[in-house]
Every structure is written in structure tokens, then in C-alpha cells.
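# Chain and residue survey
Okay, here's what each chain looks like letter by letter:
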Amino acid sequence: MLPLWSGEWGGGVYEEQPLPQHPPAPPRQEGAETRQLSSPARAGAGLLAGFPEALSPKEGGEEEEEEEEEDRQRSPRPVTFTLGNEVLGLSPETEFQSPDAEVYMHFMRSHCCYDAIPTSCKLVVFDTSLEIKKAFVALVANGVRAAPLWDSKTQSFVGMLTITDFINILHRYYRSPLVQIYEVEEHKIETWREVYLQGSFKPLVYISPSNSLFDAVYSLIKHKIHRLPVIEPISGNVLHILTHKRILKFLHIFGSTIPKPHFLKKTVQELCVGTFRDVAVVPESAPIYTALEIFVDRRVSALPVVNDAGQVVGLYSRFDVIHLAAQKTYNNLDISVREALRQRTVCLEGVLTCYPHETMEDIIDRIAKEQVHRLVLVDENQYPRGIISLSDILQALVLTPAGIDALNS
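Residues numbered from 1 in each chain as written. Predicted model: local features only at pLDDT ≥ 70, side-chain atom pairs only at ≥ 80, totals over all residues. Heavy atoms only, no water.

### Description of the overall build of the chain
Note the cut-off: Under the DSSP-based scheme used, a helix requires at least four consecutive residues in state H or I and a strand at least two consecutive residues in state E, with every element numbered from the N terminus. In this scheme, a residue with accessible area under 20% of its type's maximum is buried, one over 50% is exposed, and one in between is partly exposed, where area comes from a 1.4 Å probe on protein chains only. A 1.4 Å probe and the Shrake-Rupley method give the accessible areas. Residues count as covered only by the protein chains that appear here.
When helices and strands are tallied, the chain shows 14 helices and 14 strands. Here the chain, with 409 residues, has 56% of them falling under the buried criterion. On the chain, roughly 17,100 Å² of surface is accessible, and the fraction owed to carbon and sulfur atoms is 52%.

What follows is the structure, encoded as C-alpha cells:
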């Protein structure tokens, strides 16, 4: 059984404790908690009054989509490098309106979040009094991308610390390789939250283990976050952190027993699943700081890396940035993206591509098999033409058949 890292994090000391067995999921009670999430499809159109507002990067560091995300790039900014406005397909709404298109929607509604929680897992929790540098090093050491934040003063969870926070800190305070980033070395998590949020604290977006996975998908995409804490409403304990990746894996494994909808045989070009307009890329010769600017300005989670000819040669993601903390190289963000990818000490997901003529089923199988968060859509000459993210796929499989467009709402 894997360890649970918990206890007092002040001074960087933490205790290893066995992960307790999950308690039985409590009976499902609709609307029992004001911040508990529910879907508009079950309770009427629009956002319910009990919904918390989405957390932006200034509100607890929830990873924006991407994460969405991520791969959902909207407003062009001067620092970004973008592709053209080519559209590869037409409106695909009719493909998701046939009766068999609703099988995944019904599957997600019939399973609760507790069903997707693994038997054993690792959960990292930080006290807000922990120093920022130690927190990010701990994320890398434990192989996780985010951690709930516990405020000892209020005795409650107040947010999430994610890679987005590290990127925002570096982007905000970096000056040159000759100037040490004092804020990373000395600031505590609570200090960063006070400086960056400037009093605009909002409730943590979370979900009950008894809520359906449909609710979880809707919440992740609607609020443009990548980490959704599952909190037991009676004890207030965090049981797990649900992600797009975990939900899709659950669907891929246990959904094999249900009939497959016909639209899975359609190509991604026919279905228009993904982002094909204004996709942000980064030249391999650009400095790391340029990539950070794009992450912040465009709120994307990964950037296709292109050579001088414009062909895809790599992928630089937000997760790559966190390794700057482990390698203690965050004081030099002037090195090129090419050099940063070469210095990676661990094997990350790399760049996986797909083509417009491939079917939706093939795309899902590849993402599930390779356990990646996205595929870069390329043409036969390896020129980037789009991004297909986990949010795009879950929106198409689960929410679109229900008549919900959470990606663009």
C-alpha cells in the first residue's frame, strides 16, 4: 500500500502514515451542501444557485484549462506564437444526437465519484505555513502535480497548490540569471496567496464522493480546473483528487461492457473534437521565459515545440516547469526550450501526435494506453494543426450528448 504524506509540513518535515481504508460512501443527498456540485442536466438549465464560482489562477492556483485548458486558447496575445485560423471540420452536433450517443452520459450518471477512487493512492496535503520552495520540491519528490492546502488557523481546506502557482511565481518575479528569485526561496504558501490573490479568496471547488461522475466531469470542464478534491462531507477529509485522466481511465476500463456509440467510428475532423483555431506553439529556440509567458497569457497547459520549418519536434508542458524546482535551475529562464527538453532527468509523456483522418475511438485508445493528457494534431508533414485534450474528449463523450457545452459556457 502506498504511503499518504501528511502531518505538519512546517520546516519541510512530514510524517509517513498508512493510507486508511475509504469509509463507505454516504447516501447521496441532492443539494445537501451549498458548495457541493451538481449538474444542470439533472436540476434544470444553467448554473445552479448552489454552485461555487470557478477558481481562476488568482483563486487558489487551480490549473486552468490547461488545463483548458489548456488547450483551449482564445484571446491572442503579443507574446504568443500561433497557427492560422484553419478549421478542419463542420458542425458535428447531429453526430451526438442519436439515441446511442448517450451511453457514456448514462454510464457516468450511474456511477459516483467514490467508484473512481483507487483502492490505494498517494495524497499530499500542504499546510499554508510551508515554504513555497519546499512545497514544490515535495510535489516533484512525490510525483504529484497538485496538493490541497490546509489552513491551521481556520482548520479547513482553503485551496490547491498547483504547478500553475509555480509558473505564476516565476513569471512574476524573474528578472535575470544574475538575480536570485527571493520569493521562491523565502516566501511561504500563505504569503504567496495573500500577495497574488489580494483578498479575492473564494471557496474551494470540490465534490462529494456520493455525487455522480457526470457531475465531476461537468465541474472540471465548467470551472476550467484539472484537480477536483473529493471531500467526505461529514469528516471533511480529502479522499482523493479527481482528474480528467482518472475519469477517462475509469470509463475506458469499465465502459468496455456497454455498447459503443456510432460516432466513435467518425474521424476527429468530422466530429470537430479538439482545438483547431489559434493554437499556441513555441519555437525550440525560444527561451523558457517565453514559454512561461504563453502559459500565463493563454492559460494553456502544453505547447507544441516547433523547429525553424514549423514542424512539431517536441512538447513543453506545465509539468516540465516544476522540474526546474527539483533541478534548482529556475534562476536561469533564458535557456532555450530545446535545451530544457534535453536536460529533463525523467521520462515525461513527450509528444504524441494524431491525424485528422483518425477515428475518435483510435484517439481515445491511444490517450488511454499512453496515459497522456493530449495529442497534437498534425498533417502528413508534421505541421501542427490542432490539439485534442482530455477535456475535449470528455465534453464530446459525456456532456455534448446531454446538450451541455461546458467548454464554451
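### Looking at the pairing of strand E14 (residues 384-389)
Note the threshold: Here, strands pair whenever DSSP counts at least two bridges between them.
With five of six residues buried, E14 is to be regarded as a mostly interior element. The sheet contact formed by strand E13 (residues 374-378) and E14 spans five bridges and is antiparallel. Across the sheet, the residue bridging to Val378 is Pro384, located in E14. Taken together, E13 and the strand that follows it, E14, pair antiparallel across an intervening segment of five residues, in which Gln382 is found at a positive phi of about 70°.

### Examining the sheet that holds strand E12 (residues 353-354)
The mixed open sheet is built from three strands, whose spatial order is E12-E13-E14. Each edge of the sheet is formed by a strand with only one pairing partner; in this case those strands are E12 and E14. Sheet analysis places E12 next to E13, joined by two bridges and oriented parallel. If you follow Thr353 over to E13, its bridge partner there is Val376.

### Quick word on the sheet that holds strand E4 (residues 126-127)
Note the following rule: Every residue pair with non-hydrogen atoms within 4.5 Å of one another is taken to be in contact. Helix axes are fitted only over the stretch in contact, all axes being lines through C-alpha atoms; the angle between N-to-C directions runs from 0 to 180 degrees.
Here three strands make up an open sheet; going across it, the order is E4-E5-E6 and the pairing mixed. In this open sheet, the two edge strands, each paired with only one partner strand, are E4 and strand E6 (156-162). The sheet contact formed by E4 and strand E5 (residues 146-151) spans two bridges and is parallel. The residue of E5 that forms the bridge with Asp127 is Trp150. Along the sheet, helix H6 (residues 189-197) contacts E4, E5 and E6; its crossing angle with E6, the most-contacted strand, is approximately 85°.

### Points about the confidence of the model for the chain
Detailed reading of the predicted model is not advised wherever pLDDT is low. Our working rule: Confidence of the predictor at the level of single residues is given by pLDDT, which spans 0 to 100.
Scored by pLDDT, the chain has a mean of 76; 70% of the residues are at 70 or more. Low pLDDT, under 50, characterises residues 1-91; the stretch is placed with 279 contacts to residues that sit more than four places away or in other chains.

### Things to note about helix H3 (residues 132-142)
Our working rule: The arc in question is the one spanned by the directions pointing from the helix axis to the C-beta atoms.
Looking at H3, one finds that the buried residues are Ile132, Ala135, Phe136, Ala138, Leu139 and Asn142. Seen along its axis, H3 keeps its buried residues to an arc of 155°; they face one direction.

### Brief notes about the nonpolar core
What counts here: Side-chain atoms within 4.5 Å are what join buried Ala, Val, Leu, Ile, Met, Phe, Trp, Tyr and Cys residues into a set we call a nonpolar core.
Leu242, Ile247, Leu248, Met360, Ile393, Leu397 and Leu399 are the most contacted members of the largest nonpolar core, which has 52 residues in total. Ile247 has contacts with Met108, Leu213, Ala216, Val217, Leu220, Leu242 and Leu394, leaving out every residue within four places of it along the chain. Leu130, Leu161, Ala291 and Leu341 belong to the second largest nonpolar core, which has 47 residues in total.

### Side note on the packing of aromatic side chains
As a reminder, the rule being used: Side-chain rings of Phe, Tyr and Trp, where Trp is taken by its six-membered ring, are said to pair if the distance between their centres is within 6.5 Å; with planes under 30 degrees apart they count as stacked, over 60 as edge-to-face, and otherwise as tilted.
The full count for this structure, using the stated rule, is five aromatic pairs. Centroid distance Phe107 to Phe250: 6.0 Å. Interplanar angle 40°. Geometry classified as tilted. With Phe107 in helix H2 (residues 103-109) and Phe250 in helix H8 (residues 244-254), this residue pair connects regions lying 143 residues apart in the sequence. With respect to class, Phe107 is no different from Phe250; both count as buried. The interplanar angle of 45° and the centroid separation of 4.9 Å between the aromatic rings of Phe250 and Phe254 together place this pair among those described as tilted. Taken together, the residues span about one helical turn, with Phe250 and Phe254 both in helix H8 at a distance of four residues. Note on Phe250: relative accessible area 6%, which makes it buried. For Phe254, a relative accessible area of 46% corresponds to the partly exposed category.

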